[in-house]
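Chain and residue survey
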Amino acid sequence: MHTTRSRARFAAVCATTLCVTGALSLPALASSSPSPSALSRLDKQFLTAAHQGNLWEITTSEQAQSAATTACVKRVGVDLIRDHRTLDAAVVKTATRLGMVLPSTQTDAQLRQTAALKRLAGTRAYDTAWLKAQYPAHVQTLALIDKEIATGANPVVKSLAKGARPVVAHHIEMVNHGVCHA
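Before going into details, it helps to say that this report is about the structure given with it. (Residues numbered from 1 in each chain as written. Predicted model: local features only at pLDDT ≥ 70, side-chain atom pairs only at ≥ 80, totals over all residues. Heavy atoms only, no water.)

**Some points on the nonpolar core**
Within the largest apolar cluster, 37 residues are counted, with the highest numbers of intra-cluster contacts made by Phe46, Leu47, Val73, Val76, Tyr126 and Trp130. For this core, the secondary structure elements donating two or more residues are α3 (41–67), α4 (71–97), α6 (124–151) and α7 (155–174). Discounting chain neighbours no more than four positions away, the residues touching Trp130 are Thr60, Ser61, Ala64, Val73, Val76, Gly77, Leu80, Leu117 and Val175. (Core = buried A, V, L, I, M, F, W, Y, C linked by side-chain atoms within 4.5 Å. Buried < 20%, exposed > 50% of the residue type's maximum accessible area, 1.4 Å probe, protein only. Helix = DSSP H or I, 4+ residues; strand = E, 2+ residues; numbered from the N terminus. Contact = heavy atoms within 4.5 Å.)

**Topic: the layout of surface pockets**
Of the volumes computed, that of the largest pocket is approximately 400 Å³. In this structure, the largest pocket is lined by 23 residues; those nearest its centre are Ala49, Gly53, Gln110, Ala137 and Thr141. Residue assignment for the lining of the largest pocket shows that the elements contributing at least two residues are α3, α4, α5 (108–119), α6 and α7. Along the lines of polarity and charge, the residues of the lining of the largest pocket split into 15 nonpolar, 7 polar and 1 charged. (1 Å grid on protein atoms, 1.4 Å probe; cavity = no way out; pocket = protein on both sides within 12 Å on 5 of 7 lines; lining within 4 Å. Points joined across faces, edges and corners; volume = space filled by probe spheres on them. Nonpolar A, V, L, I, M, F, W, Y, C, P; charged D, E, K, R; others polar.)

**Some details on the state of the cysteines**
Tallying each qualifying case throughout the model produces 1 disulfide. Across the disulfide, Cys72 is cross-linked to Cys180 (sulfur-sulfur distance 2.1 Å). Taking the torsion about the sulfur-sulfur bond, which here is approximately -95°, the covalent link between Cys72 and Cys180 counts as left-handed. Here Cys180 lies in the segment after α7 and Cys72 lies in helix α4, a separation of 108 residues in the sequence. There is no split in this pair, since Cys72 and Cys180 are both buried. (Disulfide = S-S within 2.5 Å.)

**Describing the pattern of salt bridges**
Within this structure, the stated rule accounts for 4 salt bridges. The closest approach of N and O atoms between Asp79 and Arg82, which form a salt bridge, is 3.3 Å. With Asp79 and Arg82 both in helix α4 and 3 residues apart, the pair spans about one turn of that helix. With relative accessibility at 7%, the residue Asp79 sits in the buried group. Note that Arg82 and Asp83 form a salt bridge whose closest N and O atoms lie 3.1 Å from each other. A residue is classified by how much of its surface remains accessible, and Asp83, at 1% relative accessible area, is buried. Salt bridges sharing partners connect three or more residues here, namely Asp79, Arg82 and Asp83. (Salt bridge = Lys/Arg side-chain N within 4 Å of Asp/Glu carboxyl O.)

**Concerning unusual backbone geometry**
One non-glycine residue, His177, lies in positive phi territory at about 50°. Inspection of the secondary structure assignment puts His177 in the segment after α7.

**A word on the packing of α3 against α6**
Viewed as axis vectors pointing N to C, α3 and α6 meet at an angle of 160°, and their least axial separation amounts to 10 Å. In terms of axis orientation, α3 runs roughly antiparallel to α6. Between α3 and α6 lies a crossing of left-handed hand. For the pair formed by α3 and α6, the contact residues are Leu42, Asp43, Gln45, Phe46, Ala49, Trp56, Glu57, Thr60, Ser61, Gln63, Ala64 and Ala67 on the first element and Tyr126, Trp130, Ala133, Gln134, Ala137, His138, Leu144, Ile145, Lys147, Glu148 and Thr151 on the second. By residue class, the composition of the contact of α3 with α6 is 12 nonpolar, 7 polar and 4 charged. (Axes fitted to C-alpha atoms, helices over the stretch in contact; angles between N-to-C directions. Parallel < 35°, antiparallel > 145°, perpendicular 65-115°, else oblique. Left-handed = near helix turned anticlockwise from the far one by under 90°.)

Here's what the structure looks like:
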């Protein structure tokens, strides 16, 4: 069953990557490079939040590999690292293509949360805190994805959000209400 889920997750990430790559190579978009003004405020907010969220997910999930005490959290962390690296590569590529400069670091709140988690490293409290941090982060991300899909202006950014949606929804299932489900 774990192999089937892993294959399904891999297929979803690959489909997301192919969707974004395909969207970026549309002939209409290839003929001219859209300016940053072609991005709505929501499109820019989505790209920025997605990038910073991906950075936070990768950092905290890498941290979990040595700081977590349960195999489940470590296993979920591996999946989050893989998926968020793939998602972030697509976000960075899209932003670059559209002429938008992304922040190079996580938000101050994310950095504080990462530091707070680090202080719990090696304890059962770490695993609980990590899961409880992951759940609302993914729920908030999914809400932003849905908002971008519904009201975003740029078709490339909307396509990126559509591709990311099933991956983030799956992550919510894995950390559902702070309980680990590998």
